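Observations on chain architecture
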Amino acid sequence: MLLSVIVPCYNEEENVPVFYAELCKNEPFFQQEGLDLEVIYIDDGSGDGTAEQVRRLHEKDPRVHLVSFSRNFGKEAGIYAGFQKAKGDYVVMMDADLQDPPSLLPEMFSWIKQGYDSVATRRVTRKGEPPIRSFFARMFYRLMNKISKTEIVDGARDYRLMTRQVVDAILSMCEYNRFTKGIFGWVGYQTKWLEYENVERAHGETKWNFWKLFLYSIDGITAFSTVPLAISSVVGLLFCFAAFVAIVALVIKNLITHDPVAGWPSMVCIILLVAGVQLFCVGILGQYLSKTYLEVKKRPIYLVKEEL
Ligand code: UDP
Ligand code: MG
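Cut-off values and rules
- In this convention, every chain numbers its residues from 1, walking through the sequence in written order.
- Note on labels: chains are lettered from A, ligands numbered from 1, in written order.
- Under the rules for a predicted model, residues below a pLDDT of 70 receive no local features and side-chain atom pairs below 80 are neither given nor counted, while totals for whole chains, interfaces and linings still include all residues.
- As a convention, hydrogens and water are excluded, and side-chain values are obtained from all of the structure's heavy atoms.
- The helix and strand labels rest on DSSP assignments: H or I over at least four residues marks a helix, E over at least two residues marks a strand, and numbering proceeds from the N terminus.
- Only C-alpha atoms enter the radius of gyration, while the globule expectation follows 2.2 Å times N to the 0.38, with N the number of residues.
- Relative accessibility decides the category of a residue: with a 1.4 Å probe and only protein chains considered, values under 20% of the type maximum give buried, values over 50% give exposed, and everything between is partly exposed.
- Note on areas: Shrake-Rupley, 1.4 Å probe, and residue coverage restricted to the protein chains presented here.
- All tallies of charge rest on Lys and Arg as positive and Asp and Glu as negative; His and the ends of each chain are not included.
- We put the charge of a Lys on NZ, of an Arg on CZ, of an Asp on CG and of a Glu on CD.
- By definition, two strands form a pair when at least two bridges between them are found by DSSP.
- To get an axis, a line is fitted to the C-alpha atoms, and for a helix only the part in contact is used. The angle between two axes follows their N-to-C directions and goes from 0 to 180 degrees.
- Coordinating donors are taken to be N, O and S atoms lying within 2.8 Å of the metal, or within 3.2 Å when the metal is Na, K or Ca; because water is excluded from the atom set, some sites may appear incomplete.
- The arc refers to the directions leading from the helix axis to the C-beta atoms.
- Here, two residues are considered to be in contact whenever any of their heavy atoms come within 4.5 Å of each other.
- Here a Phe, Tyr or Trp ring, Trp counted by its six-membered ring, pairs with any other such ring whose centre lies within 6.5 Å, and the pair is stacked when the planes are under 30 degrees apart, edge-to-face when over 60, and tilted otherwise.
- Whether a charge sits over a ring comes down to the Lys NZ or Arg CZ being within 6 Å of the ring centre and within 35 degrees of the ring normal.
- The definition of a polar contact used here is a pair of N or O atoms within 3.5 Å, where within protein one atom must be able to donate a hydrogen and the other to accept one, and adjacent residues in sequence count solely through side-chain atom pairs.
- Working definition of a nonpolar core: buried Ala, Val, Leu, Ile, Met, Phe, Trp, Tyr and Cys residues. They are joined through side-chain atoms within 4.5 Å.

**Some points on the overall build of the protein**
- Per the secondary structure count, the protein includes 11 helices and 8 strands.
- Here the protein has a C-alpha radius of gyration of 25 Å; the compact-globule value for 308 residues is 19 Å, and the former is much larger.
- With respect to the three principal axes, the spread of C-alpha positions in the protein is 95 × 40 × 35 Å.
- Counting all 308 residues of the protein, 43% fall into the buried class.
- Summing over all exposed atoms, the protein offers an accessible surface of approximately 16900 Å²; the carbon and sulfur share of this is 63%.
- Averaging the positions of the 34 positive and the 36 negative side-chain charges in the protein gives two centres separated by 5 Å.

**Side note on the sheet that holds strand S6 (residues 156–163)**
- Here we have 8 strands laid out as an open sheet, ordered S7-S5-S6-S4-S1-S2-S3-S8, and mixed in their pairing. Every other strand in the sheet has two partners, leaving strand S7 (191–196) and strand S8 (304–307) as the edge strands with one partner each. Neighbour to neighbour, the strand axes of the sheet diverge by 20° on average, direction disregarded.
- Sheet topology places strand S5 (residues 118–123) next to S7; 6 bridges connect them, and they run parallel. Considered in S7, the bridge of Ala120 is made with Trp193.

**Some remarks on the pairing of strand S3 (residues 64–69)**
- Most of S3 is tucked away, with 6 of its 6 residues classed as buried.
- By the alternation rule, side chains of S3 split into Val64, Leu66 and Ser68 and His65, Val67 and Phe69, which are all buried.
- In the sheet, strand S2 (residues 36–43) pairs with S3 via 5 bridges, with the strands oriented parallel. Looking across to S3, one finds that Ile42 is bridged to Val67.
- Bridge count for S3 against S8 is 3 bridges, and the pairing is antiparallel. Note that in S8 the partner of Phe69 across the bridge is Val304.

**Some points on the coordination of the magnesium ion (ligand 2)**
- Looking at the magnesium ion (ligand 2), one finds its protein donor set to be Asp97 (OD) and Gln99 (OE1), positioned 1.8 to 1.9 Å from the metal centre. Across this residue pair, the class does not change: Asp97 and Gln99 are buried.

**Thoughts on helix H5 (residues 105–113)**
- Residues of H5 that are buried include every one of Leu105, Met108, Phe109 and Ile112, and no others. Projection of H5 onto a plane perpendicular to its axis shows the buried side chains occupying an angular sector of 100°, all on one side.
- Contacts from the buried residues of H5 go to helix H1 (15–24), helix H2 (27–33), strand S4 (90–93), S5, S6 and S7.
- Backbone geometry just after H5 places Gly115 at a positive phi near 110°.

**Some words on the packing of aromatic side chains**
- For the structure on display, the rule yields 15 aromatic pairs.
- Taken together, a centroid distance of 5.0 Å and an interplanar angle of 50° make the contact between Trp208 and Tyr216 tilted.
- Site record: aromatic cluster; members linked through ring pairs are Phe140, Tyr141, Phe179, Trp208, Tyr216 and Phe224.
- Residue placement shows Lys192 over the ring face of Trp111; its charged tip is 4.1 Å from the ring centre.

**Some thoughts on helix H3 (residues 50–60)**
- Every buried residue belonging to H3 is among Thr50, Ala51, Val54 and Leu57, and all of these are buried. Along the long axis of H3, the arc covered by the buried residues comes to 120°, so they all point the same way. Among the exposed residues of H3, those oriented more than 90 degrees off its buried face are Glu59 and Lys60.
- Residues of H3 that are buried in the fold lie against strand S1 (2–9), H1, S2 and S3.

**As for the environment of Asp117**
- Of note, Asp117 is situated in the loop between H5 and S5.
- Here Asp117 falls in the buried class, since its relative accessible area comes to 18%.
- Residues Asp117 and Ile284 lie 167 residues apart in sequence; the distance between their C-alpha atoms is 36 Å.
- In contact with Asp117, not counting residues within four places along its chain, are Ile112, Leu161, Met162, Thr163, Gln165, Val166, Tyr189 and Gln190.
- Separated by 3.0 Å, the side chain of Asp117 and the backbone nitrogen of Gln190 make a polar contact.

**Here we look at the nonpolar core**
- Membership of the largest hydrophobic core comes to 35 residues, with the highest contact counts inside it found for Leu3, Val5, Leu23 and Tyr41.
- It is H1 that provides the largest number of residues to this core, a total of 5 residues.
- Beyond its immediate stretch of four places on either side in the chain, Tyr41 contacts Val7, Cys9, Val16, Phe19, Tyr20, Val54, Leu57, Val64, His65, Leu66 and Val67.
- Counting residues in each nonpolar core, the second largest holds 34 residues, with Ile147, Met173, Phe224 and Ile301 among its members.

**Regarding unusual backbone geometry**
- Backbone geometry places Asn11, a non-glycine residue, at a positive phi of 50°.
- Along the chain, the position of Asn11 falls in the loop between S1 and H1.
- Notably, Lys298 is not glycine yet its phi reads approximately 55°, a positive angle.
- As for its placement among the helices and strands, Lys298 is situated in the loop between helix H11 (264–297) and S8.

Quick look at the structure:
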């Protein structure tokens, strides 16, 4: 049996060897289970020595592989490339920064042996993260689960062990806008959730800032829910109804009092409000249209520069 480990890396030169050493601590376990190992580092257009570090590891240990992208395509593209390259009967993906501890592998594997198709992890704390980021992350998951039929678990990490069947299911979803957390929920299969405390990064800085996360959350929403489109139609209807009531009220008032209609400031406010709502709804529509545009262009999800 072959176990493939997929490690997306973006400027992780310090973490590459540290991760390998940590993973190799599980060697006795792999032998005991009769598991062969294959480690696939995806170098996501790093500007530092990440690829060089992987090449060095590859010389020492041919089980280590490298896929180097022509530029930074993002973690989602890295994960997809890893899945395509992995030959394993079981596949696990982990961050290079050791925030997904390899020491959890034996426990994860024991669940697979008990018949689960996939073992996922979620962190129950967000220690070491700015409180504002945690707050918005929680809000995002609550909103997402309200408006999407696909279950997306709060605190879920991309650290997952899965069987070949699940990997093939994920590979069959070749969409351009990849929101992996949603894709896992969408494909289904029996998933066991393990919980652990957040671990801080081994070296370097997180690649995500607030703005990137915000854009990513919008990608997630448009990829797995069409509720915002429905909301914009409902808001439109509500405004039409309000306008109709106001017109009827004005006509009746005029017939009774014969007052000229006064109050242009209120008129300006209403025009601004309605124009604002309209632009907002067109914006929502634009989000879906732009995603569709990217999707129909059928561009490749990533481009490879070097492969080992
Ligand atoms: N990563 C990547 N491409 C990117 C950004 C990140 O491959 O464009 C990798 C990164 O090297 C790391 C993993 O994705 O192995 C998670 O990134 P990070 O630790 O910065 O995210 P966080 O753990 O803070 O959510
Ligand atoms: Mg990290």
